[in-house]
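Breakdown of the fold
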Amino acid sequence: MTRDQVLAAIQRDDTIENVDLTGINLAGQDLSGGRFEGVVFRNADFRGAKIIRTGFKSCDFTGATMEGANLAGALWMHMNLSGTILARADLSKAVLSGTDLTGADLKGANLSQAMMDNAKLDGADLKGANLQRAILHKASLTGADLSGADLFKTIFYEADLTG
């Protein structure tokens, strides 16, 4: 599937399912409102993309770059985002349920009012991230770097903050 085919499918309101889009370049593209299930986006480039209120289920973004992308209100269910670069990305009001963000780069990311349920952020870099009013329920942050992060009214409920 090519970039143009992905964009056309989103315009048709199709769900994109079970395809391998490893290395695809979607930098700066508008994927808002799209629905993806079982898609492999390993090492894909989403820098500066607009991915607002987009749904992802059981997708693999290992090693993808989403630096500066707008992911506000996105739904991430049972995802692999390990090692993903999300520096300065806007994930405000996003829902990340059962998502693996092990070792992800979230420096300066906006996670305000995000809901992270059973999310794994072990070893994640959250330096300077905005987590205002975020809810981290049963989230694992073992060894995560939260230095300089804004934790105003952040709720850590049954979260693991060891290390």
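Once a new chain begins, its residue numbering starts again from 1 and follows that chain's sequence as written. Selection of residues for local features in this predicted model requires a pLDDT of at least 70, selection of side-chain atom pairs for listing and counting requires 80 or more, and totals for whole chains, interfaces and linings are taken over all residues. Hydrogen atoms and water are omitted, and side-chain values are computed over all heavy atoms in the structure.

**Let's talk about the sheet that holds strand E7 (residues 135-137)**
Where we set the bar: Two strands are counted as paired when DSSP detects at least two bridges linking them. Helix numbering and strand numbering both begin at the N terminus, where a helix is a DSSP run of H or I of at least 4 residues and a strand a DSSP run of E of at least 2. Throughout, an axis means a line fitted to C-alpha atoms (over the contacting stretch in the case of helices), and angles, computed between N-to-C directions, take values from 0 to 180 degrees.
Here we have 8 strands laid out as an open sheet, ordered E1-E2-E3-E4-E5-E6-E7-E8, and parallel in their pairing. At either end of the open sheet lies a strand with only one pairing partner, and these are strand E1 (15-17) and strand E8 (155-157). Neighbour-to-neighbour, the strand axes of this sheet turn through a mean angle of 5°, independent of strand direction. Direction of pairing for strand E5 (residues 95-97) relative to strand E6 (residues 115-117): parallel, over a ladder of 3 bridges. Within E6, the residue paired with serine 97 across the bridge is aspartate 117.

**Focus on the pattern of salt bridges**
The criterion, for reference: The term salt bridge refers to a pairing of a side-chain nitrogen on Lys or Arg with a carboxyl oxygen on Asp or Glu at a separation within 4 Å. Remark: exposure states derive from per-residue accessible area (1.4 Å probe, protein chains only) relative to the maximum for the residue type, with buried under 20%, exposed over 50%, and partly exposed in between.
Applying the stated rule across the entire model yields 10 salt bridges. Where arginine 47 meets aspartate 45, a salt bridge forms, and the shortest distance between an N and an O atom there is 2.5 Å. Of the residues examined, arginine 47 reaches a relative accessible area of 45% and is grouped as partly exposed. Judged by its relative accessible area of 13%, aspartate 45 falls in the buried class. Taking the shortest distance from any N to any O, the salt bridge between arginine 88 and glutamate 67 comes out at 2.0 Å. Here arginine 88 is found in the loop between strand E4 (75-77) and E5, whereas its partner glutamate 67 is found in the loop between strand E3 (55-57) and E4, with 21 residues between them in sequence.

**Topic: the environment of lysine 93**
For clarity, the threshold we go by: The criterion used for residue contact is that any of the two residues' heavy atoms lie within 4.5 Å.
Here lysine 93 lies in the loop between E4 and E5. Among the residues examined, lysine 93 registers a relative accessible area of 54% and is labelled exposed. A C-alpha to C-alpha distance of 14 Å links lysine 93 and alanine 129, two positions 36 residues apart in sequence. If near-sequence neighbours (up to four positions away) are discounted, lysine 93 is found in contact with Gly73, Ser112, Gln113 and Ala114.

**Overview of a nonpolar patch on the surface**
Quick note on the threshold: Within the patch definition used here, like charges are joined within 9 Å and nonpolar side chains (Val, Leu, Ile, Met, Phe, Trp, Tyr) within 5 Å, considering only residues with over 30% relative accessible area and no salt bridge. A 1.4 Å probe and the Shrake-Rupley method give the accessible areas. Residues count as covered only by the protein chains that appear here.
Taken together, the side chains of Ile135, Ile155 and Tyr157 make up a nonpolar region of the molecular surface, amounting to roughly 280 Å² of accessible area. Mapped onto the secondary structure, tyrosine 157 falls in strand E8. Assessed through its relative accessible area of 46%, tyrosine 157 is described here as partly exposed.

**Structural notes on unusual backbone geometry**
You will see that arginine 53, though not glycine, has its phi angle at about 50°, which is positive. Phi is positive for arginine 133, close to 60°, though the residue is something other than glycine. Owing to a relative accessible area of 41%, arginine 133 belongs among the partly exposed residues under this scheme.

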